[in-house]
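# Notes for the structure review
Residue strings, one per chain:
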Amino acid sequence: MSHIRNILFSLVIGFLIGIALGVNIGRDKPLLSNPFEKASLGDRVKQLGSETLEQGGKALEKTGQALQDKAK
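So, here's what we can say about the structure. (Residues numbered from 1 in each chain as written. Predicted model: local features only at pLDDT ≥ 70, side-chain atom pairs only at ≥ 80, totals over all residues. Heavy atoms only, no water.)

### Focus: the overall build of the chain
Basically, it comes down to this: Helix and strand definitions follow DSSP, with helices as H or I runs of at least four residues and strands as E runs of at least two, each counted in order from the N terminus. Note on method: radius of gyration uses C-alpha positions; expected globular size equals 2.2 Å times residues raised to 0.38. Burial classes follow relative accessibility: with a 1.4 Å probe on protein chains only, a residue under 20% of its type's maximum area counts as buried, one over 50% as exposed, and anything between as partly exposed.
Looking only at helices and strands, the chain features two helices and zero strands. Taking 2.2 N^0.38 as the reference for a compact globule, 72 residues should give roughly 11 Å; the C-alpha atoms of the chain span a radius of gyration of 23 Å, well beyond that estimate. Along the longest, intermediate and shortest principal axes, the C-alpha atoms of the chain span 80 × 30 × 10 Å. Counting only residues that meet the buried cut, the chain has 3% of its 72 residues in that class.

In structure tokens:
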């Protein structure tokens, strides 16, 4: 009975550690960082700004490519 209890305990601990690591992977954070830490307002603004800039750059590239194709 003790052997089964140890196996179940190991599975539960492994599951909890796997969830924590999966959350960090999903949020693009270092693996061993706190998965429940709230991002500060400054960090969220920086992330949103970089995403917006990246999307704007892609849209500008598409527009430039369309204009080049139209000029030909």
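### Digging into a nonpolar patch on the surface
Put simply, the rule is: Patch membership requires more than 30% relative accessible area and the absence of a salt bridge. Residues of like charge join within 9 Å; the nonpolar side chains Val, Leu, Ile, Met, Phe, Trp and Tyr join within 5 Å. Areas reported as accessible are Shrake-Rupley estimates using a 1.4 Å probe. Residue values count occlusion only from the protein chains shown. We define a salt bridge as a side-chain nitrogen of Lys or Arg found within 4 Å of a carboxyl oxygen belonging to Asp or Glu.
A surface patch of nonpolar side chains, about 700 Å² in accessible area, is lined by Phe9, Val12, Ile13, Phe15, Leu16, Ile17 and Ile19. Mapped onto the fold, Ile19 is located in helix α1 (residues 2-26). Owing to a relative accessible area of 45%, Ile19 belongs among the partly exposed residues under this scheme.

### A word on unusual backbone geometry
Where the residue is not glycine, phi is negative for most of them; where a peptide bond is considered, it is trans in most cases. Here the phi dihedral of Asp28 falls at roughly 55°; this positive angle occurs in a residue that is not glycine. Checked against the element boundaries, Asp28 lands in the loop between α1 and α2 (41-71). For Asp28, a relative accessible area of 74% puts it in the exposed group.

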